[in-house]
Amino acid sequence: MILAQIIEQLFKRPATNKFPVKYMPKSIISFLKSGKPIVPPVPTPPRFRGRLIYHRDKCVGCEQCGRVCPANVIQFVPQEKKVRFYLARCTFCGQCTDICPADAIEMSSEFLLADYNKYSKNLVLE
Amino acid sequence: MAKVTDEQRTYYTIPIGPTHPSLKEPLQFSFDLEGERVVDVEIKPGWNHRGVEVLGMKRNPLQTLYLAERICGICSVSHLIAFSRAVENALGIPVPPRAEYIRVIIAELERIHSHILWAGVAAHELGFDTLLHLTWRVREQVMDILELLTGNRVNYALVTIGGVRRDITREQEPLVRQALRYYKDLLEMLVDAFLHDPTIELRTRDVGVLSYKDALELMAVGPTARASGVKKDIRVDQPYLAYPALEVSPITPDLFRPEIHGDVYDKIIVRLLEVEQSIGLIEQALKKMPEGEIGHASKEEMTELLVQIKEREGEGIGRHEAPRGELFHYIRFQADSEIPILWKVKCPTYSNLMSYRPMFQGAQIADIPIIIACIDPCIACMDRVIIRREGREEVWTAEQLLAKSWEKTRRLKG
Amino acid sequence: MELFWGSVVILFGGVILGLIYQGVDRKLAARMQARIGPPLVQPFRDIKKLLVKENIVPENAIPWIYNGAPFLALAAVVTVLFYLPLGDQRPLFSGYGDLILVLYLLALPAVALAIGGFASGSPYAVIGAQREIVMMMSYELPLAAAIVALAWRLDRALPGGIAAFSLKEIAANPIWAYLGPLGFIGAILLVGVLLLVMPAELSKIPFDIAEAETELAGGVTVEYSGRNLALLRLADAVKTVVMGALILALFFPYRLGGILGLAGPAGGAVDTIFFLIKLFLVILIAVTIIRVAAARLKVSQVAYSFWVPLTGVALAGLVLIVLDGLFFM
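Computed from a predicted model, the values in this text were never measured in an experiment.

What counts, and at which threshold
Residues numbered from 1 in each chain as written. Chains lettered and ligands numbered in written order. Predicted model: local features only at pLDDT ≥ 70, side-chain atom pairs only at ≥ 80, totals over all residues. Helix = DSSP H or I, 4+ residues; strand = E, 2+ residues; numbered from the N terminus. Buried ≥ 20, exposed ≤ 12 C-beta atoms within 10 Å, placed from the backbone. Core = buried A, V, L, I, M, F, W, Y, C linked by C-beta atoms within 7 Å. Contact = placed C-beta atoms within 7 Å. Pairing = 2+ DSSP bridges. Axes fitted to C-alpha atoms, helices over the stretch in contact; angles between N-to-C directions. Nonpolar A, V, L, I, M, F, W, Y, C, P; charged D, E, K, R; others polar. Parallel < 35°, antiparallel > 145°, perpendicular 65-115°, else oblique. Left-handed = near helix turned anticlockwise from the far one by under 90°. Expected span 1.5 Å × (residues − 1). Bend = angle between axes of the 7 residues up to and from the residue.

Trainee: Please provide a residue-by-residue account of unusual backbone geometry, values included.
Mentor: Going from F19 of chain A to P20 of chain A, the amide bond is cis rather than trans, its omega being -10 degrees. Note that P20 of chain A resides in the loop between α1 (2-10) and α2 (28-34). The residue after I205 of chain C, namely P206 of chain C, is reached through a cis peptide bond having omega 5 degrees. Position of P206 of chain C relative to the elements: it lies in the loop between α7 (181-201) and α8 (213-216). Positive phi is not limited to glycine here, since E63 of chain A has a value of about 70 degrees. Exposure remark for E63 of chain A: the 12 C-beta atoms within 10 Å place this residue in the exposed category. Phi at F92 of chain A is positive, roughly 60 degrees, even though this residue is not glycine.

What follows is the structure, given as structure tokens:
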């Protein structure tokens with residue numbers, strides 16, 4: 001019966017992970033500046049598909065990644081024969097890492113990518 | 001509140017949607033009411049059309065794969081399986097057996113998460129938020145397993161044309177089995193919480209009844225049809241992937257209670273029993289899974305695949321029993337082009353939409369949310385629009401629409 | 001003058017108490033659903049925010065009724081508070097009215113809400129208002145049966161000449177002391193009935209059909225915003241306290257200070273704390289647990305369950321108490 005279960009749950013810990021903090025602070029900016037620790041997010045499993053890592057020196061400029069990217073994340077820069085990633089569009093499918101012949105693209109387990117500006121330094125990978 | 005005058009009676013019309021708390025996606029209903037009783041309903045889709053098919057005809061299938069996945073957020077891998085099967089059929093690309101088993105495992109995991117999610121939404125529509133929180137909490141386990149197997153929590157990007165992209169390793173198998181055991185233990189509690197709860201029984205018994213005849217005539221699919229007793233399941237009727245090797249049979253509510261009523265209660269029964277069936281299917285698949293290749297995973301193979309797509313031509317269909325019913329993809333390629341010239345998607349909600357009308361006959365206002373939710377509608381999948389010339393108001397008659405669809409069929413035939 | 005200050009204290013005290021109990025209710029409901037839930041002060045923040053928001057009057061509303069209804073609801077519900085014994089206090093207006101008046105005043109907020117709903121010119125609000133009226137007609141009979149039974153029995157038990165419907169007398173003479181075995185069973189039934197009438201009176205799940213978020217998007221309150229909505233929320237919060245205090249006054253008016261033999265300020269403090277704990281328990285059982293453990297019923301089912309089974313139980317309780325009064329004196 002659901003009644004027994006809810007009474008039992010009343011004395012258990014809530015299931016919610018308190019990431020990043022339990023309640024919203026009065027001022028987010030001063031909270032961030034204060035450097036207080038935040039509750040960590042739920043850990044990611046191995047081989048998680050997170051933010052892309054680009055090894056610029058390994059890249060041979062073959063443009064294969066751009067051919068398989070479903071979201072037009074990858075722009076080819078002809079002058080340098082390198083590519084540029086607009087991560088705000090990335091859908092984390094990982095096809096570019098699979099097809100790259102020089103292993104120049106990798107996926108990390110980082111997933112906290114929110115930003116105010118989609119062209120911010122954090123979200124444009126060169 | 002407009003008054004609609006019938007010959008003798010006066011009906012009130014209330015609009016539900018395009019935005020309303022009981023709708024998770026935009027769809028417009030307008031109900032003719034007599035007091036609290038629904039007399040008739042008109043359904044107007046077209047608020048959420050995104051033009052995905054057109055987008056898919058401007059890029060190569062490897063790019064379209066994960067666009068197809070995003071047609072629906074809940075049954076994403078179903079779209080992926082149906083799409084890649086369509087492309088494989090069209091271009092004659094073989095799929096290794098192990099990859100087929102992995103596809104089955106992911107598809108059935110997705111069915112578990114989709115049905116549990118639906119159960120929570122249904123409870124919320126009934127005002128039973130405790131069950132919403134409970135079901136969504138236990139759903140985390142299957143999401144974690146999907147994240148472990150594929151690297152992504154929602155849109156898994158696991159299936160590719162001619163195989164899958166990640167193998168299920170020996171270390172992962174016990175974790176999957178552990179999650180299955182968790183759900184087996186849990187199922188008893190869920191059945192108790194949903195099917196033996198007095199308030200839920202009061203709200204769902206003999207509500208939203210879809211008779212066997214209506215379900216057949218209106219071409220309902222998936223759990224909606226099976227809850228009315230129609231034994232219709234693509235996994236059985238037209239076996240594909242590894243399903244022929246597995247024991248699977250259509251679930252109907254008479255497995256749980258003697259008669260079939262076709263009401264919302266039956267739809268809950270079917271979905272909960274299908275969770276149990278999916279657990280069994282995954283266990284069988286894990287046991288029978290052969291060793292070997294998983295398909296186009298390496299760099300060379302992917303490049304090779306792109307070349308094949310460009311060279312070959314043909315047309316193909318892909319069908320899959322998604323959590324909501326039969327999903328259908330059609331694709332057609334020309335030689336010397338990697339871009340398909342046609343891509344057509346028909347998703348289960350499109351087939352089930354017509355069954356709303358008989359279900360709403362004689363319902364009360366209070367039944368509207370649960371009846372809307374009971375076919376597990378996915379509006380984003382099924383939305384259709386007609387483009388009208390600017391500034392011209394016109395109403396399309398049934399004949400005109402029929403002529404339009406003939407025209408489209410002729411265009412598809414080429 | 002004492003009356004003036006007393007009413008000011010009760011007005012603000014009632015509002016604050018209501019909001020605190022609302023916070024506790026939300027927090028406990030969240031914990032039962034394995035959530036963290038909002039902080040206890042969240043209802044105060046909600047009210048503060050609503051008060052600074054724009055007060056929108058829909059185009060086809062009737063402004064004076066639409067704006068007046070929330071005031072009427074809050075005023076009626078606070079007035080009830082003046083007639084109820086709170087903590088160690090005698091009722092503030094003890095000489096001016098009795099239980100019958102309280103019964104009528106309790107119906108007023110629902111009527112005000114329904115009028116406001118009809119005046120707001122939205123189909124959802126009109127349906128909600130119709131449902132509110134049906135609800136009111138459903139729960140009035142069991143409520144009245146319970147109260148009449150109690151007052152009649154007390155009138156018979158006590159020496160003649162006292163006002164039977166006076167809450168002061170009922171609170172001063174706990175009913176349980178005068179009951180024989182039959183009456184005891186009857187009184188238990190009536191407590192059960194009142195605990196089920198309470199969520200209906202407060203429009204909580206499973207009886208929140210007048211607001212029904214997923215069906216009517218808020219029902220009677222769908223068009224309300226800003227200050228008006230804040231007043232409705234306050235009325236709702238105070239009503240929780242009122243209903244709880246009414247059940248306590250009728251059935252559990254015991255004072256811990258009196259039992260321990262404390263007097264003066266110390267006794268008053270003990271009484272107040274004891275009263276708050278009793279109130280919390282009533283709200284926990286009648287509001288929080290019921291609303292967490294049930295689905296919303298349909299209007300026809302609510303009407304049926306109040307008119308047939310619950311009225312039956314209330315009448316059975318009444319008959320048992322009458323029999324008790326006639327034969328076990």
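From this point, the narrative continues.
Trainee: Explain the nonpolar core to me, using residue names and the numbers behind them.
Mentor: Of all hydrophobic cores here, the largest spans 254 residues; its most connected members are I371 of chain B together with V80, L84, A146, L150, V238 and V242 of chain C. In terms of residue count, the dominant contributor to this core is helix α9 (residues 226-251) of chain C (18 residues). Those residues in contact with V80 of chain C that lie beyond four places of it in its chain are V102, L105, L106 and V242 of chain C.

Trainee: Summarise the sheet that holds strand β5 (residues 124-125) of chain A; cite the residues concerned and give the values.
Mentor: Residue and element names in this part refer to chain A. What the three strands build is an open sheet, ordered β2-β3-β5; its pairing is antiparallel. Pairing within the sheet leaves two strands with one partner each, and these edge strands are β2 (74-77) and β5. One ladder, built from two bridges, connects strand β3 (residues 82-86) with β5; its direction is antiparallel. When the sheet's bridge partners are listed, Y86 is paired in β5 with V124.

Trainee: Quick rundown of the sheet that holds strand β9 (residues 342-346) of chain B? Include the residues and the values.
Mentor: Residues and elements named next belong to chain B. A sheet is described by the order of its strands in space; here three strands give the open sequence β7-β8-β9, paired in antiparallel fashion. Lying at the two open borders of the sheet, with one neighbouring strand each, are β7 (314-322) and β9. Sheet twist, expressed as the mean angle between neighbouring strand axes with direction ignored, is 10 degrees. In this structure, β7 lies alongside strand β8 (residues 325-333), joined through nine bridges in antiparallel fashion. For H320, the partnering residue across the bridge sits in β8 and is L327. The sheet strands contacting helix α3 (residues 76-91) are β7 and β8, and the helix crosses β7 at an angle near 150 degrees.

Trainee: So what about the interface of chain A and chain B? Which residues, and what values?
Mentor: By a widespread convention, an interface's size corresponds to the accessible area lost as its parts come together. Facing 20 residues of chain A, the contacting portion of chain B comprises 20 residues. Of all the secondary-structure elements, those providing two or more residues to the side of chain A that touches chain B are α1, α3 (64-68) and α4 (95-99) of chain A. Here the residues of the side of chain A that touches chain B sort into twelve nonpolar, four polar and four charged.

Trainee: Could you give an account of the packing of helix α5 (residues 129-150) of chain B against helix α6 (residues 172-195) of chain B, naming the residues involved and the relevant values?
Mentor: Two measures define how a pair of helices packs: the angle their axes make with one another and the distance between the axes. Residues and elements named next belong to chain B. It is the contact of α5 with α6, at a shortest axis distance of 10 Å, that shows an interaxial angle of 165 degrees. One way to sum up the angle between α5 and α6 is to call them roughly antiparallel. The two elements α5 and α6 meet at a crossing, and its hand is left-handed. Of the residues in α6, those in contact with L131, L134, V138, Q141, V142, I145, L148 and L149 of α5 are Q172, L175, V176, A179, Y182, L186 and A193. Its residues assigned to classes, the contact of α5 with α6 shows 13 nonpolar, two polar and no charged.

Trainee: Give a description of the pairing of strand β4 (residues 37-44) of chain B that names residues and reports values.
Mentor: As judged from the seven bridges shared by strand β3 (residues 28-34) of chain B and β4 of chain B, these two strands associate in the antiparallel manner. When the sheet's bridge partners are listed, L33 of chain B is paired in β4 of chain B with V38 of chain B.

Trainee: I'd love a proper account of helix α1 (residues 2-32) of chain C, names of residues and values included.
Mentor: An ideal rise of 1.5 Å per residue puts 45 Å on 31 residues; α1 of chain C measures up with 43 Å between its terminal C-alpha atoms. A34 of chain C sits one or two residues past α1 of chain C and shows a positive phi near 65 degrees.

Trainee: Describe the interface of chain C and chain B, and please don't skip the residues or the numbers.
Mentor: On the side of chain B, 24 residues touch chain C, which itself brings 24 residues to the contact. Elements with a contribution of two residues or more to the side of chain C that touches chain B: α5 (123-157), α8 and α12 (299-327) of chain C. When the residues that make up the side of chain C that touches chain B are grouped by side-chain class, the tally is 14 nonpolar, four polar and six charged.

Trainee: Explain α6 of chain B residue by residue, including any values.
Mentor: Residues spaced three or four apart along an α-helix face the same direction, because each turn holds 3.6 residues. Between its first and last C-alpha atoms α6 of chain B spans 34 Å; for 24 residues at 1.5 Å apiece the expected length is 34 Å, and the two agree. For α6 of chain B, the principal kink sits at L186 of chain B and spans about 35 degrees. Among the residues of α6 of chain B, V176, A179, L180, Y183, L190, A193 and F194 of chain B are the ones counted as buried. In the core, the buried residues of α6 of chain B are packed alongside α1 of chain A together with α4 (97-125), α5, α7 (198-204) and α11 (264-288) of chain B.

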